[in-house]
Amino acid sequence: MRTDDFNFDLPESLIAQYPPSTRGESRLFVLDRARGTNIHTRVDRLHEYLESGSLMVFNDSKVRKARIYAVADDTKARVEFLLLSPVSADNEGSGSIGAWPRWKALCSKAKRQRKGRSYSFPEGLAASIVDEYEEEKIVEFSRPVGDAYLELHGHMPLPPYIKRPEDKSDESRYQTVYARSPGSVACPTAGLHFTPAILERLRDAGIETAWVTLHVGLGTFLPVRSETVEEHRMHEEWYSVPESTASAIRRAKSEGRKIVAVGTTALRTLESAAAVSGGGFIASGSGKTSIFIYPGYEFKVVDRLFTNFHTPKSTLLMLVAAFAGRENILAAYEEAIRLGYKFFSYGDAMLIR
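The sections below set out a description of the structure shown in this document.

1. A few points about the overall build of the protein chain
Alright, step 1. Counting secondary structure elements, the protein chain contains eight helices and 17 strands.
Alright, step 2. Relative to the compact-globule value of 20 Å for 353 residues, the protein chain shows a C-alpha radius of gyration of 20 Å, a close match.
Alright, step 3. Counting only C-alpha atoms and orienting by the principal axes, one finds that the protein chain spans roughly 60 × 45 × 40 Å.
Alright, step 4. Looking at the protein chain as a whole, 56% of its 353 residues qualify as buried.
Alright, step 5. Residue pairs in contact within the protein chain that sit at least 24 positions apart in sequence constitute 72% of those at least 6 positions apart.
Alright, step 6. Only carbon and sulfur atoms are counted for the fraction: they give 49% of the accessible area of the protein chain, which is about 15,100 Å².
Alright, step 7. Looking at charge distribution, the protein chain has the averaged site of its 46 positive side-chain charges lying 2 Å from that of its 45 negative ones.

Right under this line is the structure:
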């Protein structure tokens, strides 16, 4: 399968640079994959398009202020680091509260940042690169670094297609209202549309809610550079499914109710957990996943998907193409472009049912 089969032309003007003025007021494109029909509405009316009794599963991962700046000790050049996850035998990527001396990281002008090079960070913090693997560097700090330090000196890791300076409002708007488990370096953006009022409206409509955690890392946002889809390899990301969620899914499945994943990360978590348990009935637990979902994949758990509009030739677009059908998705995206829907993190939403 060719990577170019998942390409499309997107006007730059449709890449959302800011969130909507009010959270939850984005447009909603409802795609009925069986009938091939579309409905255009708003996110705050989502409850009208889901079956009563459905179970919606949200990713509660919290975005770290993981983008931080340093000065190279030798050249005095400013270097940007994106701290991906701590390096620890017990807690690597788990989002545990604490601080760690070593982190996996990406950095600007990566070819110049070699093993042995040292840097000065804010508050007298020193660091050096002690190892490197493909895109990642292993950075060792002079003292452990955790979320307390990053809250003071880090910046929200806005994606590169948001071509503007960071805004103070991004600290809250590039974070879901229910985020509670720190560890992501990109937001699970489908969740950005939800407000307490929308969540309450869903519950009033007889829709149950549950939570999983997947810390978004390279596995989610690294571009596909291979000519064929099958050649691409996903990086591992840490996930967790609590027993309360696993039992809610088992109960819903046994009663014939629909499972709705809020975002591709929630979907990948559920499908990963199902693969570990050996079937559609999920067991609780945590682990790492490198699951890569593209057309031909057979879904074991998820029946409905609420998601944003994704970048051309990305693993996310391949996932929604697997869920809805490539032709359906590309036709829907063409219609969304014609109607001026906004794309990517701060853009509009799609419900695939």
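Resuming the write-up.
2. Points about the packing of aromatic side chains
Alright, step 1. Under the counting rule described, the total for this entry stands at 23 aromatic pairs.
Alright, step 2. On the numbers, 5.2 Å between centres and 75° between planes, the contact of Phe 58 with Tyr 178 is edge-to-face. Here Tyr 178 lies in the loop between helix 2 (170-173) and strand 11 (181-184) and Phe 58 lies in strand 3 (residues 55-59), a separation of 120 residues in the sequence.
Alright, step 3. For Tyr 178, a relative accessible area of 9% corresponds to the buried category.
Alright, step 4. Here the aromatic rings of Phe 309 and Phe 343 are separated by 4.9 Å at their centres, their planes lie at 45°, and the arrangement is tilted. On the criterion of sequence distance, the pair formed by Phe 309 in the loop between strand 16 (304-308) and helix 7 (315-324) and Phe 343 in the loop between helix 8 (326-338) and strand 17 (349-352) is long-range, its members being 34 residues apart. For the residue pair Phe 309 and Phe 343, the accessibility class agrees, reading buried in each case.
Alright, step 5. Members of the aromatic cluster, connected to one another through ring pairs, are Phe 8, Phe 29, Tyr 161, Phe 309, Tyr 333, Tyr 341, Phe 343 and Phe 344.
Alright, step 6. Arg 33 extends its terminal NZ or CZ atom over the ring of Phe 323, reaching a point 4.0 Å from the ring centre.
Alright, step 7. The lysine or arginine in question, Arg 164, covers the ring of Tyr 18, its NZ or CZ lying 4.1 Å from the ring centre.

3. Considerations on the sheet that holds strand 5 (residues 67-72)
Alright, step 1. With antiparallel pairing, six strands are arranged side by side around a closed barrel as 5-6-7-10-9-8. The average angle at which neighbouring strand axes cross in this sheet is 45°, direction not considered.
Alright, step 2. The sheet contact formed by strand 5 and strand 6 (residues 78-86) spans five bridges and is antiparallel. Looking at strand 6, one finds that Ala 70 is bridged to Val 79.

4. Here we look at the pattern of salt bridges
Alright, step 1. Enumeration according to the criterion identifies 25 salt bridges in this entry.
Alright, step 2. Between Arg 225 and Glu 135 there is a salt bridge, with its nearest N and O atoms 3.2 Å apart. Pair noted here: Arg 225 is in the loop between helix 4 (218-221) and strand 13 (237-241) and Glu 135 is in the loop between strand 9 (125-133) and strand 10 (136-146), with a separation of 90 residues, a long-range link.
Alright, step 3. The residue Glu 208 makes a salt bridge to Arg 251 at a minimum N-O spacing of 3.5 Å. Pair noted here: Glu 208 is in strand 12 (residues 208-214) and Arg 251 is in helix 5 (residues 243-254), with a separation of 43 residues, a long-range link.
Alright, step 4. A residue is classified by how much of its surface remains accessible, and Glu 208, at 25% relative accessible area, is partly exposed.
Alright, step 5. Within this structure, Arg 2, Asp 4, Asp 5 and Lys 313 form a network of salt bridges that share partners.

5. Structural notes on the environment of Asp 5
Alright, step 1. Note on placement: Asp 5 falls in the segment before strand 1 (27-32).
Alright, step 2. The class of Asp 5 is partly exposed, set by a relative accessible area of 26%.
Alright, step 3. The sequence separation of Asp 5 and Thr 228 amounts to 223 residues, and the corresponding C-alpha distance is 9.3 Å.
Alright, step 4. Those residues in contact with Asp 5 that lie beyond four places of it in its chain are Arg 326 and Leu 330.

6. Things to note about the nonpolar core
Alright, step 1. Leu 270, Ile 282, Ile 329, Tyr 333, Phe 343, Met 350 and Ile 352 are the most contacted members of the largest nonpolar core, which has 65 residues in total.
Alright, step 2. If one sorts the elements of this core by residue count, helix 7 sits on top with eight residues.
Alright, step 3. Ile 282 has contacts with Val 241, Ala 246, Ile 249, Arg 250, Leu 270, Ala 273, Ala 274, Ser 277 and Val 301, leaving out every residue within four places of it along the chain.
Alright, step 4. Judged by nonpolar contacts, the second largest core, of 21 residues, contains Tyr 49, Phe 58, Phe 306 and Ala 349.

7. Brief notes about the sheet that holds strand 12
Alright, step 1. Read across the sheet, nine strands follow the order 2-1-17-16-14-3-12-13-15 without closing on themselves; strand pairing throughout is mixed. Two strands close off the open sheet at either side, each with one partner strand: strand 2 (37-42) and strand 15 (285-289). Across this sheet, the average inter-strand angle for adjacent strands is 25°, counted without regard to direction.
Alright, step 2. Sheet topology note: the strand 14 (residues 259-262)/strand 16 ladder contains three bridges and is parallel. Its bridge partner lying in strand 16, Val 262 is registered against Phe 306.
Alright, step 3. With respect to the sheet, helix 6 (residues 264-277) is in contact with strand 3, strand 12, strand 13, strand 14, strand 15 and strand 16, its orientation differing from that of strand 13 by roughly 75°.

8. Topic: helix 5
Alright, step 1. The terminal C-alpha atoms of helix 5, which comprises twelve residues, lie 16 Å apart, in line with the 16 Å expected from a rise of 1.5 Å per residue.
Alright, step 2. Residues of helix 5 that are buried include every one of Thr 245, Ala 246, Ala 248, Ile 249 and Ala 252, and no others. In an axial view of helix 5, the angular spread of the buried residues amounts to 165°, which keeps them on one side of the axis. The outward face of helix 5, more than 90 degrees from its buried face, is lined by the exposed residues Ser 244 and Ser 254.
Alright, step 3. Here the buried face of helix 5 lies against strand 3, strand 12, strand 13, strand 14 and helix 6.
Alright, step 4. Among the residues trailing helix 5, Gly 256 stands out with phi positive, at a value near 75°.

About the cut-offs
- Residue positions are given per chain, counting from 1 as you read along its sequence in written order.
- Per-residue local features of the predicted model are confined to residues with pLDDT of at least 70, and side-chain atom pairs are confined, for both listing and counting, to 80 or more; whole-chain, interface and lining totals are unaffected and use all residues.
- To get the side-chain values, take all heavy atoms of the structure and skip hydrogens and water.
- Put simply, DSSP H or I for four residues or longer makes a helix, DSSP E for two residues or longer makes a strand, and each gets a number counted from the N terminus.
- The globule rule is 2.2 Å times the number of residues to the power 0.38, and the radius of gyration it is compared with is taken over C-alpha atoms.
- Working definition: with a 1.4 Å probe on protein chains only, accessible area under 20% of the residue-type maximum means buried, over 50% means exposed, and in between means partly exposed.
- Contacts were defined at the residue level, with two residues in contact if any of their heavy atoms lie within 4.5 Å.
- Accessible areas in this description were obtained via Shrake-Rupley with a 1.4 Å probe; residue shielding takes into account the shown protein chains only.
- We score Asp and Glu as negative and Lys and Arg as positive, and we do not count His or the chain ends.
- Every charge is mapped onto a representative atom, which is NZ of Lys, CZ of Arg, CG of Asp or CD of Glu.
- Ring geometry is summarised as follows: Phe, Tyr and Trp rings, the Trp one being its six-membered ring, pair when their centres sit within 6.5 Å, and such pairs are stacked at plane angles under 30 degrees, edge-to-face over 60 and tilted between the two.
- Two limits define a charge over a ring: the Lys NZ or Arg CZ must be within 6 Å of the ring centre, and within 35 degrees of the ring normal.
- Pairing between two strands is assigned when DSSP locates at least 2 bridges connecting them.
- Note on method: axes are straight lines fitted to C-alpha atoms, helices fitted across the in-contact stretch only, with angles between N-to-C directions ranging 0 to 180 degrees.
- By definition, a salt bridge exists where a carboxyl oxygen of Asp or Glu is found within 4 Å of a side-chain nitrogen of Lys or Arg.
- What we call a nonpolar core is a set of buried Ala, Val, Leu, Ile, Met, Phe, Trp, Tyr and Cys residues that are connected through their side-chain atoms within 4.5 Å.
- A helix is expected to span 1.5 Å multiplied by its residue count minus one.
- What the arc describes is the spread of directions from the helix axis to the C-beta atoms.

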